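Each chain is listed here by its residues.
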Amino acid sequence: MTSIRPQATVVSVDDMGLTSVLSGHHEKIIVNHTVDHDEAVILALGYKQEFKREFSLLTTFGVSFSVLGLLPSIASTLWYSLAYAGNAGITWGYLIGMTGVLGVACSMAEISSAFPTSGGLYYATAMLAPPKYKALLSWIVGWSNYFVQITGAPSVAYGGSSMILALKQIIDPDYEIQDWQNYLLTVALTFVAAIVASLPTKWIAWINSCSTVLNLVFLFISFVVILGGNNRKAQGLPKFNTDKIAWKLDNLTDWPDGICILLSFMAVIWTMSGFDSPFHLAEECSNAQVATPRAIVLTAVVGGLLGFVFQLAMAYTIVDVEAAVNDDLGQPYIAFLNQVLDRPSVMCLASFAIILAFSMTFSCMIAASRVLFSYSRDNCFPLSKYWARVSPLTQTPVNAVWMNWFIGVLLLTLMFGGVAIDAIFSVGAIGSFISFTVPTLLRITYARNTFKPGPWNLGKWSYASGWLAVSYTTLMIPILCFPQYRGSNNTPQLMNWTVLVYWGSMFLAIAWYFIYAHKIYHGPKSNLGDAIVDEVDESNVIDAIVSKGGEVRYASEEVSNEKSENV
């Protein structure tokens, strides 16, 4: 009687050309099935393949473009562009702000090709940092990025809810918006979005593809109606504003003009912050090392250009900037539409923004759940073992979805504190930029000679893009904490509470690390367990396959011949 040798795949980590938690130790990974290149990469990075790879470049772009949600994002953040700098905030100010954003996006795309895991920036930081500081720096980046993700869905849903109630006020001028009504409506929107975010990956990919089409169609229709269907002539005005008016800086802050323009960048940063979503979906995407960075850059470029063109239409048609900002509706976008369109058109275009705000909400929840899941694999959160579970029914991290929903419901109680709810918008801006830039800074400084670029990289432009990104972020981090008014004009209701909400939360997270978490958290760790071996006798494994990047070959001719004989 002869023993039956098992079928297995042997992945040699050091042959994969990656920097990971396993590289440099001559580790090999044995799994009892054949693997493709994507699975070989994630195994070499130290993680099991737990998701189905049912996202393509197009569907990954669909998710990130839905998270971008240009129409609802622009509508929700006019408080920080139009209300700070007038038309300049949505025209030339927007273009300047986009320059820095594109530098950040390109640098992130290069890093995502080298570390295509849903841990994203957090994992990359640990791999690029000095060994002594990798745990602390990855902890800071991880929590900063999580604050972005956890505030994304509630803030978008809040913006959608505000637009719904503003429409109600247009129909019934006697209606007064109550905070509790806004709260319950926002919670309801996030609840339905959480259900969608809990669906299987294939369904989510299909839904987001449809959302992408709706985003483009609704944006185009709104653009055409605003330009062609405005009623400015009926008001005794020319069809469009002059160039001087459309590009004019109206400083509505207490700061000098330069600071005013910088303050308006918060709208650009928050609107464009969704371009990192493909990074968090990398473990569900096929050909992830190429598709993920392409989706990041595509989202930033397409989103940036379309956002600029749409806001140009607004700048050339708006009647009164200050009236739109200070309108009793409390929603500048709806107030703008009310200035230039008849009621049916206002209702139609506002409905477009509301529908897209909902699709953006569940897209944000999808990205946030992957972040909580991936960080929990490394014991980064309390009760991590529950959030790191994948539902056997849907093959998605359902527990993480609903935990994020619950935290979001708690965050929304800020609206009962007045305008403090606006802090969740600025948290999304400042948190994202800090988490985006730390690994970029490490890549162009400490790790400049050790970084192993993936198949998609910037080549000679890597350092130029990296320094642009770091310089832009260094400038904007303090600016994002500035209030609109200063001195006696800066009342508690008008205060920028980012200083408390973001920096207070980060202080607690860092304090927790030093008090206790450093004992159990040492940075990203592999969850492969017994699959990792130092040596393997490949002749005793039938059908043994060694994966070397894109090349897959039999371990030895002897094994290959034995296979043929056995067959």
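This write-up is about the structure you can find in this document. (Residues numbered from 1 in each chain as written. Predicted model: local features only at pLDDT ≥ 70, side-chain atom pairs only at ≥ 80, totals over all residues. Heavy atoms only, no water.)

The subject of this paragraph is the overall build of the protein. The helix and strand inventory of the protein stands at 22 helices and five strands. For the protein, the spread of C-alpha atoms along the three principal axes comes to 95 × 45 × 45 Å. Residue burial in the protein is summarised as follows: out of 567 residues, 58% are buried. In the protein, the proportion of contacts linking residues at least 24 apart, taken out of those at least 6 apart, comes to 79%. Split by element, the accessible area of the protein, about 22200 Å² in all, is 63% carbon and sulfur. One way to put it: in the protein the 30 positive side-chain charges average out to a point 2 Å from where the 38 negative ones average out. (Helix = DSSP H or I, 4+ residues; strand = E, 2+ residues; numbered from the N terminus. Buried < 20%, exposed > 50% of the residue type's maximum accessible area, 1.4 Å probe, protein only. Contact = heavy atoms within 4.5 Å. Areas by Shrake-Rupley, 256 points an atom, 1.4 Å probe, with all protein chains shown as cover. Lys, Arg positive; Asp, Glu negative; His and termini not counted. Charge placed at Lys NZ, Arg CZ, Asp CG, Glu CD.)

Moving on, we get to the environment of Phe381. With respect to the helices and strands, Phe381 occurs in the loop between helix H16 (343-376) and helix H17 (384-387). Expressed as a C-alpha distance, the spacing of Phe381 and Tyr521, which sit 140 residues apart in the sequence, is 9.5 Å.

Following both chains from N to C, one finds helix H15 (residues 332-340) and H16 inclined at 155 degrees, their axes separated by 9 Å at the closest point. The angle between H15 and H16 places the two elements in the roughly antiparallel class. In this structure, H15 crosses over H16, and the sense of that crossing is right-handed. Here Tyr333, Ile334, Leu337 and Asn338 of H15 lie close against H16, whose contacting residues are Val346, Leu349, Ala350 and Ala353. (Axes fitted to C-alpha atoms, helices over the stretch in contact; angles between N-to-C directions. Parallel < 35°, antiparallel > 145°, perpendicular 65-115°, else oblique. Left-handed = near helix turned anticlockwise from the far one by under 90°.)

Right, let's talk about the pattern of salt bridges for a bit. Summed over the entire model, instances satisfying the criterion amount to four salt bridges. A salt bridge links Glu283 to Arg377; the shortest N-O distance between them is 2.8 Å. Taken as a pair, Glu283 in the loop between helix H12 (277-280) and helix H13 (288-315) and Arg377 in the loop between H16 and H17 lie far apart in primary sequence, 94 residues in all. Given the relative accessible area of 1%, Glu283 is considered buried. (Salt bridge = Lys/Arg side-chain N within 4 Å of Asp/Glu carboxyl O.)

It is worth spelling out H16 at this point. Between the first and last C-alpha of H16 there are 49 Å, a value that for 34 residues agrees with the 50 Å anticipated at 1.5 Å per step. With 26 of its 34 residues buried, H16 lies for the most part within the structure. (Expected span 1.5 Å × (residues − 1).)

Let us look at the environment of Ser211. With respect to the helices, strands and loops of the structure, Ser211 is situated in helix H9 (residues 201-228). Taking the C-alpha atoms as reference, Ser211 lies 26 Å from Ala335; in sequence the two are 124 residues apart. Discounting chain neighbours no more than four positions away, the residues touching Ser211 are Ser66, Ser359 and Phe362.

With that settled, consider the pairing of strand S2 (residues 28-31). Working note: regular strand, side chains alternate between the two faces of the sheet. Here S2 shows a buried face lined by Ile29 and Val31 and an unburied face lined by Lys28 and Ile30. Two strands pair when backbone bridges link them, and strand S1 (residues 9-12) and S2 are joined in this way by four bridges, in the antiparallel orientation. Each bridged residue has a counterpart across the sheet, and for Val10 the counterpart in S2 is Ile30. (Pairing = 2+ DSSP bridges.)

Looking now at helix H8 (residues 179-197). With 19 residues, H8 extends 27 Å from end C-alpha to end C-alpha; this agrees with the ideal 27 Å at 1.5 Å per step. The set of residues buried in H8 consists of Asn182, Tyr183, Thr186, Val187, Thr190, Ala193, Ala194, Val196 and Ala197. Lining the buried residues of H8 we find helix H7 (134-171), H9, H16 and helix H18 (398-411).

In the structure shown here, the tally under the stated rule is 31 aromatic pairs. Both rings, one in Phe265 and one in Tyr472, keep their centres 6.2 Å apart while their planes meet at 40 degrees; by these two values the pair is tilted. In this pair, Phe265 sits in helix H11 (residues 257-272) while Tyr472 sits in helix H20 (residues 462-479), placing the two residues 207 residues apart along the sequence. Of the two residues, Phe265 and Tyr472, both sit in the buried class. Linked through ring pairs, Tyr122, Trp139, Trp143, Tyr146, Phe147, Tyr375, Tyr502, Trp503, Trp512, Tyr513, Phe514 and Tyr521 together constitute an aromatic cluster. Its end group placed over the ring of Tyr175, Lys168 keeps NZ or CZ at 5.7 Å from the ring centre. One cation-aromatic arrangement involves Arg448 over Tyr463; the distance from NZ or CZ to the ring centre is 4.6 Å. (Phe/Tyr/Trp six-rings, centres within 6.5 Å; stacked < 30°, edge-to-face > 60°. Lys NZ or Arg CZ within 6 Å of the ring centre and 35° of its normal.)

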